[in-house]
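Results of the structural survey
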Amino acid sequence: MSIFRIGRHVRLCRPALVFSRQYAASATLPASFPSGVENVEQEPKKKKRKTSRPKAPPKEIPEPETVLDNSPVHSHLAQIAASKATVTLDDIERHKPARHANPDRDHNKYTEEYATLQDLLSKSFSQKQLREFLRLYGLKPPQIKSKATFASLIMEKAWNYPPLDEVLRKNRDRTESTSETFQLEPHQSFLLLGKDGINLHNLARKHQLQVAFSAKPLSLTATGLRANLQALGEYITEFKENIRSETFNIPTQMSLRPEQLQRVSRTAGAFTENCGDGQIRISYKADAPKASLLAKRHATRASCESSLPSGVDLLASATPTSTYTSTGPANSLCSLYPFFSARTLPWTTEVGGAFRLRRIGELSGYGSTEHIQREGPLSSINTHLTSLSNKYTDIRSIFQSMMMGHVLLTTPPKARGKLAPPLEGTLPIDDVFSWLRPNPCDRVFIPSLPSMLSDQDSARQRLLHRLVYRVFNQQSSSNPLQPLKTMRFEMVLQPGASEEGVNIDEPLVHRCLIGEESTIDLMLPERPMDIQISASKTSSLQQEQWPPELTSYVSELEKYIRDETGEQSQPETTPLNFTHNGDLYILNSSASVRQLLSETDPDSVTESLLDLENNRKTSECKVTCDDPSSDAKWNKFVETCDQLSSAIPKIHPRENSTQSRMFPDRLD
């Protein structure tokens, strides 16, 4: 074998030799090769370590320009990258919508917009960034720390978004119906009701609620939508805070009965209640202080009228059964019939029902002549006159004037709505009076205007202001027929006066009369109308003798009437009470009077009165006789009274209780 081939074989087997060398490390060295054979197992030569030289930096190759190099997107992204650690209000204000839906009109759309914006803010910013926005807005972070609460706080406090919870609550209030009860005190419930319940009625209509009162306990239950109930609750809370109370000592030191307190409260618009002897508590609304003043005046007048003697006796004309007329024999049996007054009863009179004594079988078609024929003229009724007190016998000797109207017997307020009279059955007048003596029954005289006076010419008329005071004396109540001490003041506006003013070139005529006055109610069962007879003994009181309170009031009133500039204000109230010559005078009537004088009969006067205290309007017809001893004047007087009392009374429409002018518009 050639050596070259051996050497080649050795090269090929070199890896195997290396492996065998590693395998048999502890074996002896192999035998030397023959000469001439290359030693392939020589150790490799060590390479020389090269010294490191600094490499030259690579050459910068300029990047080619693109279309986006000049776009603002790069600058914006660079700005965001540079300021990613800080945020400003501009960052979040970019997401603020220009407007949002009205939650009251479109609740669903507002809820959807609210949720969308809240989600957008939560995804656009981290919690740390939202907290920073709260700091920049000057808002305190909420206790619940979440991105949704932070976003809601920014929307509601910084961007004035209505709170979603409040929107949902209002929507529930507008759609859900329920009931709520409000506890009230007696004075609160009275003032909340208003006159005849009109205030509560308007309140229920305004809030579209159904309301009802409960007595035990006193409360108001309302049913309706939650929102309306909430508005009613806020109104009642504010209403209670607006109520004021004060205590008033009645000058007469007389307590009022419950029905009188109720009447005073209804008339004045303030709640009154007894809190001691001669002392009442008045509750009224703070924005209506005049109600407290009216309550004091009405309470004083009511206590005075209830404690004063009536000074009124009751007479009745009883035609004998033997009297015959063209229609047949007269029937002397009478009965009490329900009576409806065209005018409201006096405010101091609280009654359940009113009844008038009428003859059985009387037909309403009789004329004036037939009534006089059946009963006879007033000049002849002395022979068959029945008196409740058995005191008066001669009618001619006791009166000076007569007023047309109706004498009514009344029942207690508890009998309201009942048509049963206090005395049932048909009885002669004597038996009726025999029952009345041991069974006193309240009665009232209601003035009425005969129909024949409704069409009179109103050319001769005048306007005047009238005040009537009565003396209060507790000891006088022992004699119910004792004449009453009175003081009457009248200020007359001369002809040509109107509601706008008076002729300042003419002096104002006024007078003050003081004296005693007594009245008698005369029942005429056979006629359409009854009569009230008045007698008085008065004397003129000079102006220097007037009480100071009256003098001051008249002076202010004259300034107001004569004022042409409109700067002078009208006196708000008349003097309620004063003392004169040791007597306590209390106001009984304050009225404006339109007086109509008859052209044919100067002794006949028709008046239309407006009570300035309670706006009650009445019409009266009076006939006077200045000399009853003269036969001519007496006969003329009786003839006029016969015609007026036999005429059908005029039907008046109900007066407007809100009328408060100084003078009535017309005489009706």
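Scroll up to find the structure.
Right, let's walk through the structure included here.

What counts and how
- Residues numbered from 1 in each chain as written.
- Predicted model: local features only at pLDDT ≥ 70, side-chain atom pairs only at ≥ 80, totals over all residues.
- Heavy atoms only, no water.
- Helix = DSSP H or I, 4+ residues; strand = E, 2+ residues; numbered from the N terminus.
- Buried < 20%, exposed > 50% of the residue type's maximum accessible area, 1.4 Å probe, protein only.
- Contact = heavy atoms within 4.5 Å.
- Areas by Shrake-Rupley, 256 points an atom, 1.4 Å probe, with all protein chains shown as cover.
- Pairing = 2+ DSSP bridges.
- Axes fitted to C-alpha atoms, helices over the stretch in contact; angles between N-to-C directions.
- Salt bridge = Lys/Arg side-chain N within 4 Å of Asp/Glu carboxyl O.
- Parallel < 35°, antiparallel > 145°, perpendicular 65-115°, else oblique.
- Nonpolar A, V, L, I, M, F, W, Y, C, P; charged D, E, K, R; others polar.
- Core = buried A, V, L, I, M, F, W, Y, C linked by side-chain atoms within 4.5 Å.
- Expected span 1.5 Å × (residues − 1).
- 1 Å grid on protein atoms, 1.4 Å probe; cavity = no way out; pocket = protein on both sides within 12 Å on 5 of 7 lines; lining within 4 Å.
- Points joined across faces, edges and corners; volume = space filled by probe spheres on them.
- Polar contact = N/O pair within 3.5 Å; in protein donor to acceptor, adjacent residues only side chain to side chain.
- Phe/Tyr/Trp six-rings, centres within 6.5 Å; stacked < 30°, edge-to-face > 60°.

**Overview of the overall build of the protein chain**
Assigned secondary structure in the protein chain consists of 17 helices and 23 strands. For the protein chain, with 668 residues in total, the buried portion stands at 40%. Looking at the protein chain alone, contacts between residues at least 24 apart form 72% of all its contacts between residues at least 6 apart. Counting only carbon and sulfur atoms, one obtains 50% of the accessible surface of the protein chain, whose full area is about 39100 Å².

**Details of the sheet that holds strand S2 (residues 210-214)**
Strands sit in the order S1-S3-S2 across an open sheet of three strands; the sheet is antiparallel. Each edge of the open sheet is held by one strand with a lone partner, namely strand S1 (177-183) and S2. Neighbour-to-neighbour, the strand axes of the sheet open up by a mean angle of 20°, direction not taken into account. With five bridges joining them, S2 and strand S3 (residues 219-225) adopt antiparallel strand pairing. Paired with Gln-210 across the two strands is Thr-223, which belongs to S3.

**So, the pattern of salt bridges**
Enumeration over the complete set of coordinates arrives at 20 salt bridges. A salt bridge links Arg-266 to Asp-196, with the nearest nitrogen and oxygen atoms 3.1 Å apart. Taken as a pair, Arg-266 in helix H12 (residues 258-268) and Asp-196 in the loop between helix H9 (186-193) and helix H10 (198-207) lie far apart in primary sequence, 70 residues in all. Classification of Asp-196 by relative accessible area gives exposed; the value is 60%. One connected set of salt bridges, linked through shared partners, spans Arg-466, Glu-490, Arg-511 and Glu-607.

**Here's the deal with the packing of helix H8 (residues 164-175) against helix H11 (residues 226-241)**
Packed helix pairs are characterised by how far apart their axes lie and by the angle those axes make with each other. H11 packs onto H8 with a crossing angle of 95° between their chain directions and a minimal axis gap of 5 Å. With respect to H11, the axis of H8 lies roughly perpendicular. For the pair formed by H8 and H11, the contact residues are Arg-169, Arg-172, Asp-173 and Arg-174 on the first element and Arg-226, Ala-227 and Gln-230 on the second. The residue inventory of the contact of H8 with H11, partitioned by class, reads one nonpolar, one polar and five charged.

**Some points on the nonpolar core**
In terms of nonpolar packing, the biggest core is built from 21 residues, with Met-487, Phe-489 and Leu-550 touching the most fellow members. Secondary-structure elements contributing two or more residues to this core are strand S16 (461-472), strand S17 (484-493), strand S18 (509-523), helix H16 (548-562) and strand S21 (583-597). Filtering out sequence-adjacent residues up to four positions away, Met-487 remains in contact with Leu-467, Val-468, Tyr-469, Cys-512, Leu-513, Ile-514, Leu-541, Pro-547, Leu-550, Phe-578, His-580 and Tyr-585. Counting 20 residues, the second largest nonpolar core, distinct from the first, contains Ala-101, Phe-150, Met-155 and Trp-159.

**Thoughts on helix H7 (residues 147-158)**
The end-to-end C-alpha distance of H7 is 16 Å, a good match for the 16 Å that 12 residues give at a rise of 1.5 Å each. Every buried residue of H7 is listed here: Phe-150, Ala-151, Ser-152, Leu-153, Ile-154 and Met-155. Looking one or two residues beyond H7, the residue adopting positive phi is Asn-160, at roughly 60°.

**Quick look at empty space enclosed by the protein**
Where empty space is left can be seen by rolling a probe of water-molecule size over the atoms. Under the counting rule described, the total for this entry stands at three cavities of 30 Å³ or more. As a volume, the second largest cavity reaches approximately 40 Å³. When residues of the lining of the second largest cavity are assigned to their parent elements, the largest contribution, three residues, is made by strand S10 (residues 333-338). A class-by-class count of the residues in the lining of the second largest cavity yields six nonpolar, three polar and no charged.

**Some details on the sheet that holds strand S4 (residues 243-249)**
Whether parallel or antiparallel, the strands of a sheet pair through hydrogen bonds between backbone atoms. Reading across from one edge, S4-S6-S5 is the order of the three strands in this open sheet, with antiparallel pairing throughout. At either margin of the open sheet sits one strand with a lone partner, and together these are S4 and strand S5 (271-276). Going from strand to strand, the sheet's axes swing by 25° on average, the running direction of each strand aside. Pairing analysis gives seven bridges linking S4 to strand S6 (residues 279-285), with the strands arranged antiparallel. Paired with Thr-247 across the two strands is Arg-281, which belongs to S6.

**Examining the side chain of Asp-521**
In this structure, Asp-521 sits in strand S18. Among the polar contacts listed, one links the side chain of Asp-521 to the side chain of Gln-532, at a separation of 3.0 Å.

**A word on the pairing of strand S20 (residues 577-580)**
Residue alternation in S20 divides its side chains into a buried set, Phe-578 and His-580, and an unburied set, Asn-577 and Thr-579. Of the pairings in the sheet, the one linking S20 to S21 comprises four bridges and is antiparallel in character. Looking at S21, one finds that Phe-578 is bridged to Tyr-585. Here S20 folds back onto S21, and the loop between the two strands holds two residues, one of which, Asn-581, carries a positive phi near 55°.

**Some points on the side chain of Glu-490**
Tracing the chain through its elements places Glu-490 in strand S17. A polar contact is formed between the side chain of Glu-490 and the side chain of Arg-466, at a distance of 2.9 Å. If sequence neighbours within four positions are ignored, Glu-490 has contacts with Leu-464, His-465, Arg-466, Val-509, His-510 and Arg-511.

**A closer look at the packing of aromatic side chains**
Evaluated as defined, the whole model comprises 10 aromatic pairs. Ring centres of Phe-190 and Phe-271 lie 5.6 Å apart, and the angle between their planes is 55°; this geometry places the pair in the tilted category. Taken as a pair, Phe-190 in helix H9 and Phe-271 in strand S5 lie far apart in primary sequence, 81 residues in all. Residue classification places Phe-190 among the partly exposed residues on the basis of a relative accessible area of 22%. Among the residues examined, Phe-271 registers a relative accessible area of 16% and is labelled buried. Note on Phe-489 and Trp-546: the rings are 5.5 Å apart at their centroids and 80° apart in plane angle, and the pair reads as edge-to-face.

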